[in-house]
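Each chain, written out:
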Amino acid sequence: VQLQASGGGSVQAGGSLRLSCVASGRTFSSDNMGWFRQAPGLEREFVAGIDWRSGRTYYTDSVKERFLISRDNAENTVYLQMSNLRPENTAVYYCVGSSPYKLQVGTTTGEWPYWGQGTLVTVSS
């Protein structure tokens, strides 16, 4: 099982980026998917998640109304559309996948067994 994230880069404050994560090795249509990030000197934190069954989405408060998580099960891909980016959004962003049929979208690192390699997002002021 592999998760391959892409789409990071450098952008000015107020700009947008879309991160993509392709899952391979098996289908992830029955797994919750999500994104974490880790800024320099800080712990890894939950950013967004999407429930496999309902499609309900969850966000950390600081990104609500600016970030949008979505998934394309046919392509085994999850996206994170980030708008109105701020310098404090600078971090390495990690795509994550849960075990199958999880009832809840977790917000702690230990609840996600599958991790991508991370993609760097840099937002300048």
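Scroll up a little and you will see the structure.
Let me sum up the structure you'll find in this document. Keep in mind the model is a prediction, meaning the values are calculated, not measured.

### Notes on the sheet that holds strand 3 (residues 17-24)
In a beta sheet, neighbouring strands pair by backbone hydrogen bonds and run either parallel or antiparallel. Here we have four strands laid out as an open sheet, ordered 1-3-8-7, and antiparallel in their pairing. Looking at which strands have only one partner, the edges of the open sheet turn out to be strand 1 (2-6) and strand 7 (67-72). Within the sheet, the average angular offset between the axes of one strand and its neighbour, ignoring direction, is 15°. Across six bridges, strand 3 lies against strand 8 (residues 77-82) in antiparallel orientation. Directly across from L17, in strand 8, lies its bridge partner M82.

### Comments concerning the environment of K64
Considering the arrangement of structural elements, one finds K64 in the loop between strand 6 (57-59) and strand 7. A residue is classified by how much of its surface remains accessible, and K64, at 41% relative accessible area, is partly exposed. Along the backbone, K64 and R44 are 20 residues apart, and their C-alpha atoms lie at a distance of 18 Å. A polar contact of 3.0 Å, which involves the side chain of K64, links it to the side chain of D61.

### Concerning the packing of aromatic side chains
The full count for this structure, using the stated rule, is six aromatic pairs. With centroids separated by 5.4 Å and ring planes inclined at 80°, the aromatic side chains of W52 and Y101 adopt a geometry described as edge-to-face. Taken together, the positions of W52 in the loop between strand 5 (45-50) and strand 6 and Y101 in the loop between strand 9 (91-100) and strand 10 (114-115) put the pair 49 residues apart, joining distant regions of the chain. Overall, the relative accessible area of 21% leaves W52 in the partly exposed class. One aromatic cluster is present, formed by F36, F46, Y94, W112 and W115 through successive ring pairs. Sitting over the ring of F28, R26 keeps its end group 4.4 Å from the ring centre. When the ring centre of Y94 is taken as reference, the NZ or CZ atom of R44 above it lies at 3.9 Å.

Conventions used here
Residues numbered from 1 in each chain as written. Predicted model: local features only at pLDDT ≥ 70, side-chain atom pairs only at ≥ 80, totals over all residues. Heavy atoms only, no water. Pairing = 2+ DSSP bridges. Helix = DSSP H or I, 4+ residues; strand = E, 2+ residues; numbered from the N terminus. Axes fitted to C-alpha atoms, helices over the stretch in contact; angles between N-to-C directions. Buried < 20%, exposed > 50% of the residue type's maximum accessible area, 1.4 Å probe, protein only. Polar contact = N/O pair within 3.5 Å; in protein donor to acceptor, adjacent residues only side chain to side chain. Phe/Tyr/Trp six-rings, centres within 6.5 Å; stacked < 30°, edge-to-face > 60°. Lys NZ or Arg CZ within 6 Å of the ring centre and 35° of its normal.

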